[in-house]
Amino acid sequence: MNVAFIGLGIMGSRMSRNLLDAPNLSVTVFNRSPEPAKALAEAGARVADSPAAAVAGADVVVTMLSTPDAVEAVAFGDNGFVEAAPANAVWMNCSTVDPSYTRRCDQRARDRGLRFLDAPVAGTKAPAAAGELTFLIGGDTEDLEQVRPLIDRMGQKALHVGDAGQGSAFKMLVNALLAQSMAVFAETARLGEALGFSRDFLMETLPNLPVSAPFLKGKAGLIKDGNYEAQFPLELMLKDLKLLEDTAYEQQQPLFLAGLAKSLYAQANQAGRGRDDFSAIFDVLGRD
């Protein structure tokens, strides 16, 4: 199977690396900035100089990009891959984008004779490196089965939630919980410090309570060490909250708490913390 992998950021570089050792897979990569492709080339990937060149002969095109604008440019812009991909190839979009945009991509791809899978992932840098992501799939079962060998290399589970657009819709729910849980934890821990508890004590106890989300155990370690190396950049969490807000508006569904969380992450982004992990919201909510 010939695979084109486009987008080699924190997630894409690790996901594509897991494909390189797979038997019967030939992997070509493209990234808008060329540096991330060099390490993959050394590991055996072919490197293309444009999205269009990357998809020559491809059976599957995987995209893992940061924003809808980035997807638009790479897929439909100058030297975009949609016009160049072979007929009947599967475009598997793992980027976190809003459901409405996903449905438009699905229609435009099919208009060009391609198949489309909506396939955002749950998981951050470490699960991506370990091949332990969960894929949230919207699309046809037949197309899912064609890319199953790739999912098995990059992830531990595929959750098929409906037609194209529903994978992105479910990802909106996942990140809504993620962003708000992190903000609530940070605010609560800051109050704990004000009440006289040490940070070490709070970071060791609060995440282990039955009321705490499991992912907070890892985030508590980052906060305790003051190490906010990005597993999930705060600026991308803010982007996802904006997509969530737009999606809720389309559905005429108010999001009072998520809107407040978006304002908190926006404040953190304005304070220069956008490239840090989103757990850096802890610093922004504090007095030190």
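Scope of this entry: the structure provided in the associated data block. (Residues numbered from 1 in each chain as written. Predicted model: local features only at pLDDT ≥ 70, side-chain atom pairs only at ≥ 80, totals over all residues. Heavy atoms only, no water.)

1. Quick notes on the side chain of Asn18
Quick note on the threshold: Helix and strand definitions here come from DSSP, where helices need a minimum of 4 consecutive H or I residues and strands a minimum of 2 consecutive E residues; each element is numbered from the N-terminal end. Here a polar contact is taken to be a pair of N or O atoms separated by no more than 3.5 Å, where protein atoms must pair a possible hydrogen donor with a possible acceptor and residues adjacent in sequence count only if both atoms sit in side chains. Whether two residues are in contact is decided by their heavy atoms: any pair within 4.5 Å suffices.
Among the secondary structure elements, Asn18 is positioned in helix 1 (residues 12-20). A distance of 3.5 Å separates a polar atom in the side chain of Asn18 from the backbone oxygen of Ala129. Those residues in contact with Asn18, other than ones at most four positions away along the chain, are Ala128, Ala129, Ala130, Gly131 and Arg153.

2. Comments concerning the environment of Ala109
Using the following cut-off: Exposure categories follow from relative accessible area, calculated using a 1.4 Å probe and restricted to protein chains: below 20% of the type maximum is buried, above 50% is exposed, and the middle band is partly exposed.
Here Ala109 lies in helix 6 (residues 99-111). Owing to a relative accessible area of 0%, Ala109 belongs among the buried residues under this scheme. Counting along the chain gives 74 residues from Ala109 to Ala183, while the straight-line C-alpha distance between them is 38 Å. Those residues in contact with Ala109, other than ones at most four positions away along the chain, are Trp91, Leu114 and Phe116.

3. A short note on the pairing of strand 4 (residues 60-63)
In plain terms, the rule: What makes two strands pair is DSSP finding at least two bridges between them.
Residue alternation in strand 4 divides its side chains into two sets, Val60 and Val62 and Val61 and Thr63, and both sets are buried. When strand 1 (residues 2-6) meets strand 4, the two strands line up parallel, connected through four bridges. From the neighbouring strand, Ile6 faces strand 4, where its bridge partner is Thr63. The pairing of strand 4 with strand 5 (residues 90-93) spans four bridges and is parallel.

4. Some words on helix 4 (residues 68-76)
Convention followed: An arc is given here, and it is the one of the directions from the helix axis to the C-beta atoms.
Of the positions making up helix 4, those classed as buried are Pro68, Ala70, Val71, Val74 and Ala75. The buried residues of helix 4 occupy an angular sector of 155 degrees when the element is viewed end-on, so they sit on one face. Looking at the packing, one finds that the buried side of helix 4 touches strand 1, helix 3 (51-54), helix 5 (81-84), strand 5, helix 6 and helix 12 (234-250).

5. Here we look at the packing of helix 12 against helix 13 (residues 256-273)
How we decide: Between N-to-C directions, angles cover 0 to 180 degrees, with each direction set by a line fitted to C-alpha atoms, over the stretch in contact for helices. Reported orientations rely on four angle classes, namely roughly parallel under 35 degrees, roughly antiparallel over 145, roughly perpendicular from 65 to 115, and oblique for the rest. Each helix crossing is assigned a hand: it is left-handed if the near helix lies turned anticlockwise from the far helix by less than a right angle, otherwise right-handed if that turn is clockwise. When residue character is reported, Ala, Val, Leu, Ile, Met, Phe, Trp, Tyr, Cys and Pro are called nonpolar, Asp, Glu, Lys and Arg charged, and the others, Gly included, polar.
Closest axis-to-axis distance for the helix 12/helix 13 pair is 9 Å, and the angle between their directions is 150 degrees. On the basis of their axis angle, the class for helix 12 and helix 13 is roughly antiparallel. Here the hand of the crossing between helix 12 and helix 13 comes out left-handed. Residues Leu234, Glu235, Met237, Leu238, Leu241, Lys242, Leu244 and Glu245 of helix 12 form the contact with helix 13, whose participating residues are Ala258, Ala261, Lys262, Tyr265, Ala266, Ala268, Asn269 and Arg273. Split by residue class, the contact of helix 12 with helix 13 holds 10 nonpolar, one polar and five charged.

6. With respect to the pattern of salt bridges
Pairing between side chains of opposite charge can happen when their charged atoms approach one another. Rules: Take a side-chain nitrogen of Lys or Arg and a carboxyl oxygen of Asp or Glu: if they are within 4 Å of each other, that pair is a salt bridge.
Evaluated as defined, the whole model comprises 21 salt bridges. Among the salt bridges present, the one from Arg110 reaches Asp143, with a minimum N-O distance of 3.8 Å. Placement of the pair is Arg110 in helix 6 and Asp143 in helix 8 (residues 141-154), with a sequence separation of 33 residues. Its relative accessible area of 2% is what places Asp143 among the buried residues. In this structure, Arg275 and Glu235 form a salt bridge, with 2.9 Å as the shortest nitrogen-oxygen distance.

7. Things to note about the packing of helix 9 (residues 166-194) against helix 12
Two elements in contact, helix 9 and helix 12, have axes separated by 10 Å at closest approach and are oriented at 125 degrees. When the axes of helix 9 and helix 12 are compared, the pair comes out oblique. For the pair helix 9 and helix 12, the sense of crossing is left-handed. Contacts between helix 9 and helix 12 pair Met172, Asn175, Ala176, Leu178 and Ala179 from the former with Met237, Asp240, Leu241, Leu243, Leu244 and Thr247 from the latter. Residue classes in the contact of helix 9 with helix 12 are distributed as eight nonpolar, two polar and one charged.

8. Quick notes on the nonpolar core
Threshold: By convention a nonpolar core is built from buried Ala, Val, Leu, Ile, Met, Phe, Trp, Tyr and Cys residues, the set being connected through side-chain atoms within 4.5 Å.
Of all hydrophobic cores here, the largest spans 32 residues; its most connected members are Phe5, Met15, Met92 and Phe135. Looking at this core, the elements with two or more residues in it are strand 1, helix 1, strand 2 (26-30), helix 2 (35-42), strand 4, strand 5, strand 8 (133-138) and helix 8. In terms of residues, this core owes the most to one element, helix 8, which gives five residues. With residues up to four places along the chain from it excluded, the contact list for Phe5 reads Gly12, Met15, Ser16, Leu19, Thr28, Val29, Phe30, Val62, Met64 and Met154. Judged by nonpolar contacts, the second largest core, of 31 residues, contains Ala179, Leu202, Tyr265 and Ala280.

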